[in-house]
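Letter by letter, the chains look like this.
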Amino acid sequence: MVQLGLIGLGKMGFNMRERLRAAGHEVVGYDRNPDVTDTTSLEDLVSKLDAPRIVWIMVPAGEPTRQTVTELSNLLAEGDMVIDGGNSKYTDDKLNADLLAAKNIGYLDCGVSGGVWGKDNGYGLMVGGAAADVEKAMPIFDALRPEGPREEGFSHAGDVGAGHYAKMIHNGIEYGMMQAFAEGFELLEAAKVVKDVPAVIKGWQRGTVVRSWLLDLLVRALDEDPELDDLEGYVEDSGEGRWTLEEAINNAVPAPVISAALFARFASRQEHSAAMRAVAALRNQFGGHAVKKVGG
Ligand SMILES: O=C(O)[C@H](O)[C@@H](O)[C@H](O)[C@H](O)COP(=O)(O)O
């Protein structure tokens, strides 16, 4: 049994606390939401833990995570350790690690995959940092990861930053896979050759090359809404896809699938695309091709 401080009890952190407690670990959670928190402040959280402490951060990436690391750097002591489990950009990890290292506080970055299903199924984990720190936190990783061989749901990806780098690329792949399923779905719907689209997609769940958890989730969504027409075709993104493409450019690695998937999300948010108005205008200019006028 180990003891862990957990900051951020939203969709991910709340379920992680449940899974860790179910495995017999002691978790002291902090969240600004009084309904879910175990403590009143970060100071209080730190005071409730025995040294050497391990504190896991599960708050939104960017400023909220950086701010939390900064506050912890003033509250923790030599020998303690911080783990950032959020979807942070990997370049933030070096800054966090350096800030904490100045006080001899350890740091690991951990990409966490599995969403709201992780509480029961376990979370896929990819970790960056020193091997000795990874070893210290292993009981926590073992409780969070799925059952089965450790190396199939956990990796020590490399030095600080490597865990979030691995998660970034994982999410880039996720964008591409989702987009491929989505385009197949639209084609099946459009062509009307296939009479029962949800049945065909359900029939791909076993034996086929494309069977996968994302396919299972698509089947689940279609069970609830067979044509998905309760939904707007509007898709946000949280950064990982953009960072993956920055890496593709920096390393001159072609990534046409992931970039198309990201741009499809941008297109999904446009009601009145300037680019497509320009294409319509140009076709009209050079070829006299018909255009549709607003309100016409
Ligand atoms: O592996 C996972 O569990 C998911 O990738 C998870 O991390 C989350 O759902 C993404 O952050 C969504 O990312 P986008 O908002 O960029 O689609």
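All residue numbers here refer to positions counted from 1 along the written sequence of the relevant chain. Reporting in this predicted model follows two pLDDT cut-offs: at least 70 for local features of residues, and 80 or more for side-chain atom pairs to be given and counted; totals over whole chains, interfaces and linings ignore these cut-offs and use all residues. For the side-chain quantities, the full set of heavy atoms in the structure was used; hydrogens and water were omitted.

As recorded in an unreviewed UniProt entry, the chain goes by the name Decarboxylating 6-phosphogluconate dehydrogenase, listed as coming from Amycolatopsis nalaikhensis. UniProt positions are given in the numbering used here, feature names are shortened, and annotations may be inferred rather than shown by experiment. As its UniProt record puts it under Sequence similarities (unreviewed entry), the chain is described as follows: "Belongs to the 6-phosphogluconate dehydrogenase family."

A. The UniProt feature "domain: 6-phosphogluconate dehydrogenase C-terminal" (unreviewed entry) in the chain, seen in detail. This chain's UniProt record puts "domain: 6-phosphogluconate dehydrogenase C-terminal" (unreviewed entry) on residues 163–296. Strands here mean DSSP runs of E at least two residues long; helices mean DSSP runs of H or I at least four residues long; both are numbered from the N terminus. Here residues 163–296 is 63% helix and 0% strand, with 53 Å between the C-alpha atoms at its ends.

B. Seen up close, the site of the ligand. Near is defined per residue: the residue qualifies when any heavy atom it owns lies within 4 Å of the molecule or strand. Every residue near the ligand is listed here: Asn87, Ser113, Gly114, Gly115, Lys167, His170, Asn171, Glu174, Tyr175, Asp237, Ser238 and Arg265. Contact between the ligand and Asn87: an oxygen atom at 2.8 Å from a side-chain N or O atom of the residue. Within the side chain of Glu174, an N or O atom sits 2.7 Å from an oxygen atom of the ligand. To be clear on the numbers: accessible area is Shrake-Rupley with a 1.4 Å probe, and residue cover counts the displayed protein chains and nothing else. With the chains in place, 75% of the 420 Å² that the ligand exposes on its own is no longer accessible. Any N or O atom pair separated by 3.5 Å or less is treated as a polar contact, with the protein-specific requirement of one donor-capable and one acceptor-capable atom, and with residues adjacent in sequence counted only for side-chain atom pairs.

C. Representation of the packing of aromatic side chains in the model. The aromatic pairing rule takes the rings of Phe, Tyr and Trp, using the six-membered ring of Trp, and pairs them if the centres are within 6.5 Å, calling planes under 30 degrees apart stacked, those over 60 edge-to-face and the rest tilted. Enumeration over the complete set of coordinates arrives at five aromatic pairs. Taking 5.4 Å as the distance between ring centres and 40° as the angle between the ring planes, the aromatic pair formed by Phe141 and Phe154 counts as tilted. Note that Phe141 is positioned in helix α6 (residues 131–144) and Phe154 in strand β7 (residues 154–158), a separation of 13 residues in sequence. One exposure class covers both Phe141 and Phe154, and it is buried. Working definition: with a 1.4 Å probe on protein chains only, accessible area under 20% of the residue-type maximum means buried, over 50% means exposed, and in between means partly exposed.

D. Region of interest: helix α7 (residues 162–191). Residue count minus one, scaled by 1.5 Å, sets the expected span of a helix. With 30 residues, α7 extends 44 Å from end C-alpha to end C-alpha; this agrees with the ideal 44 Å at 1.5 Å per step. Listing the buried residues of α7 in full gives Ala162, Gly163, His164, Lys167, Met168, Asn171, Gly172, Tyr175, Gly176, Phe181, Phe185 and Leu188. Lys192 lies just past α7 and shows a positive phi near 60°.

E. Fine view of the nonpolar core. With 26 residues, the main nonpolar core has Trp56, Ile83, Leu108, Cys110, Leu125, Phe141 and Leu144 as its most contacted residues. Of all the secondary-structure elements, those providing two or more residues to this core are β1 (3–7), α1 (11–22), β3 (54–57), β4 (81–84), β5 (106–113), β6 (124–128) and α6. Per-element accounting of this core gives the leading share, seven residues, to α6. Whether two residues touch is decided by their heavy atoms; if any such pair falls within 4.5 Å, the residues are in contact. Residues contacting Leu108, with those up to four places away along its chain left out, are Met81, Val82, Ile83, Asp84, Val127, Gly128, Gly129, Ala130, Asp133, Val134, Ala137 and Phe141. Nonpolar core, defined: a set of buried Ala, Val, Leu, Ile, Met, Phe, Trp, Tyr and Cys residues in which side-chain atoms within 4.5 Å join the residues together. With 18 residues, the next largest nonpolar core counts Ile7, Val28, Val59 and Val69 among its residues.

F. Up close: the side chain of Asp92. Looking at where Asp92 falls in the secondary structure, it is placed in helix α4 (residues 90–101). The charge count treats Lys and Arg as positive and Asp and Glu as negative. His and the chain ends do not count. Salt bridges are identified by distance alone: a Lys or Arg side-chain nitrogen within 4 Å of an Asp or Glu carboxyl oxygen. No salt bridge is formed by the buried Asp92; its nearest oppositely charged neighbour, Arg66, is found at 4.9 Å.

G. Expanded view of a nonpolar patch on the surface. Like charges are joined within 9 Å and nonpolar side chains (Val, Leu, Ile, Met, Phe, Trp, Tyr) within 5 Å, but only among residues with over 30% relative accessible area and no salt bridge; these make up the patches. On the surface, Val116, Trp117 and Trp213 cluster together into a nonpolar patch covering about 290 Å² of accessible area. With respect to the helices and strands, Trp117 occurs in the loop between β5 and α5 (118–121).

H. Inspection of the pattern of salt bridges at higher detail. Scanning all chains against the criterion turns up 14 salt bridges. The partner of Arg145 in a salt bridge is Asp142, with the nearest N and O atoms 2.8 Å apart. You can call Arg145 buried: its relative accessible area is 13%. With relative accessibility at 27%, the residue Asp142 sits in the partly exposed group.

I. Summary view of unusual backbone geometry. Put simply, Ala51 and Pro52 share a cis peptide bond, and its omega is -5°. Looking at where Pro52 falls in the secondary structure, it is placed in the loop between α2 (42–47) and β3. With a phi angle near 55°, Asn104 is a residue other than glycine that sits in the positive phi range. Tracing the backbone shows Asn104 in the loop between α4 and β5. With relative accessibility at 46%, the residue Asn104 sits in the partly exposed group.

J. Representation of α1 in the model. Its twelve residues give α1 an end-to-end C-alpha distance of 17 Å, which sits within 8% of 16 Å, the value for a rise of 1.5 Å per residue. Where α1 is concerned, the buried positions are Gly13, Asn15, Met16, Arg17, Arg19 and Leu20. Tucked inside the fold, the buried residues of α1 contact β1, β2 (26–30), β3, α5 and α6. Phi turns positive one or two residues past the end of α1, at Gly24, with a value near 95°.

K. Summary view of the sheet that holds β6. Whether two strands pair comes down to DSSP finding at least two bridges between them. Pairing in this open sheet of seven strands is mixed, and the strands run β2-β1-β3-β4-β5-β6-β7 from one edge to the other. In this open sheet, the two strands that pair with only one neighbour each are β2 and β7. On average, each strand axis in the sheet is inclined to that of its neighbour by 25°, with strand direction left out of account. Where β5 meets β6, five bridges bridge the pair, whose relative direction is antiparallel. By the bridge assignment for β6, Val112 is matched with Leu125. Note on geometry: axes are C-alpha line fits, over the in-contact stretch for helices, and angles between N-to-C directions span 0 to 180 degrees.

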